[in-house]
Amino acid sequence: MSHSQLKHLETVIGQMTRFDRPADAVLSAYFREHNKLGSADRHLIAETAFGALRRLIQLRALIAPEKATPRRLALVALMKFNKLNVKELTEATSAGEREWLGTVKGKTLEDSLEIRAELPQWVIERLGEQAPEAVEALGQGLMSMAPLDLRVNTLKMKREELLDRLNADGIACEATPYSPLGIRLKDKPALSKHELFKAGAFEVQDEGSQLLGLITGARRGEMVVDFCAGAGGKTLLLGAQMSSSGRLYAFDVSEKRLANFKPRQARSGLSNVHPQLLAHENDSKVKRLAGKADRVLVDAPCSGLGTLRRNPDLKFRQSPDSVAELNAKQASILASASRLVKSGGRLVYATCSLLPQENQAIVEAFLAEHADFRLVKMDEVLAEQKIPLQCGDYLELKPHLHNTDGFFAAVLERSQA
């Protein structure tokens, strides 16, 4: 470990732990500023900094919160998680630092659920009536590394064919257990220059996200709305389900996200997608489609706590207040989107959150106010789509149980007029 490597790592951890912007944005900006850094240095900095965020509660407890400077966080992360011994840090550290590291090495952590689960107390409190063992297992799952999943574009290729082609190219992979469209890679190769990616034969998409699209159940010739389309991953899946027929609206309030969707749409070969920029959830464009949609997917803005494997900083960037603000937005978006659903049509409410306040509570409040909608049991929906999974009333995916990001979904059906 060189002095300059440690200095870079210390600076990145310092910027990330301000929690004023996403950690991946911090890292991207830093690497743009320091574009002479080699790939090995970039890998070391990225992996160690994100590892420190994943275990920040444990690191602060080992160091003592008031003394947990970015440099000390970097040093203890290197020793504890990169398995470097104190001798390997000699070039980059002072004698006093090495002596201090020796005392930390022998320290044991206090036995608290917050430390074992690596989740802030406010998150644990909002997870509801769960046994400590279940919370700990969830927290451990959220600390693990997420695999790289792909979704085959069935307009261009069958999954078996894509598996064969990727394996032949030396990219080790296998079929995902639940999504019939998914492929899980053994490693994390760069894929953006692969000829099949450029040809639109596949997209990078977590298996859990694929299931959200699949349970929407879009069919040929229907009118379908992706109400919070974002960068469009689920929109593309819905379009392929529809065999590029019918009309598929991709709504979003972000012009930038819709702009990022355009090259993905072009690669996919879909001709039935109509991106629409909304000013807000009650935009006049929404009113024009009232009562016309066969299916509406609402992947609502949420805390994102189900994605902590990829975005470990979110558990420190979110708060009880931010979740309360999101709850109001979620209820408003769901109510607005429901107006689009025609008699007998379906409305899917989904989040990448694990908190009941963003999930079941929003659905239950909606159903209490909308007597013309009923909950369709998720097991029925999964069986319709031939997905080998049983969840009860709702889709609840968790990393330690399903090896996906954490997702929630409910399917609501409007009664026939």
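Because the structure is predicted, anything quoted here is derived from the model rather than measured.

Re the packing of aromatic side chains
Consideration 1: According to the stated counting rule, one finds six aromatic pairs in the structure shown.
Consideration 2: Ring plane angle 50° and centroid distance 5.7 Å describe the contact between Phe197 and Phe202, whose orientation is recorded as tilted.
Consideration 3: With relative accessibility at 15%, the residue Phe197 sits in the buried group.
Consideration 4: A residue is classified by how much of its surface remains accessible, and Phe202, at 0% relative accessible area, is buried.
Consideration 5: Members of the aromatic cluster, joined through ring pairs, are Phe227, Tyr249 and Phe251.
Consideration 6: A cation sits over an aromatic face here: Arg60 above Phe316, 5.9 Å from the ring centre.

A closer look at the pattern of salt bridges
Consideration 1: Applying the stated rule across the entire model yields 27 salt bridges.
Consideration 2: For Glu136, the salt bridge identified is with Arg116, shortest N-O distance 2.9 Å. A residue pair is termed long-range when its members are at least 10 positions apart, and Glu136 in helix 9 (residues 132–143) and Arg116 in helix 7 (residues 113–117) qualify at 20 residues.
Consideration 3: The class of Arg116 is partly exposed, set by a relative accessible area of 25%.
Consideration 4: For Arg310, the salt bridge is made with Asp405, and the minimal N-O distance between the two is 2.8 Å. Of this pair, Arg310 sits in the loop between strand 8 (293–299) and helix 16 (314–317) while Asp405 is found in the loop between helix 20 (399–402) and strand 12 (407–414), placing the two residues 95 residues apart along the sequence.
Consideration 5: Put simply, Lys7, Glu10, Arg71 and Glu97 are held in one network by salt bridges that share partners.

Parameters and conventions
- Residues numbered from 1 in each chain as written.
- Predicted model: local features only at pLDDT ≥ 70, side-chain atom pairs only at ≥ 80, totals over all residues.
- Heavy atoms only, no water.
- Phe/Tyr/Trp six-rings, centres within 6.5 Å; stacked < 30°, edge-to-face > 60°.
- Buried < 20%, exposed > 50% of the residue type's maximum accessible area, 1.4 Å probe, protein only.
- Lys NZ or Arg CZ within 6 Å of the ring centre and 35° of its normal.
- Salt bridge = Lys/Arg side-chain N within 4 Å of Asp/Glu carboxyl O.
- Helix = DSSP H or I, 4+ residues; strand = E, 2+ residues; numbered from the N terminus.

None of this, on its own, says anything about what the molecule does.
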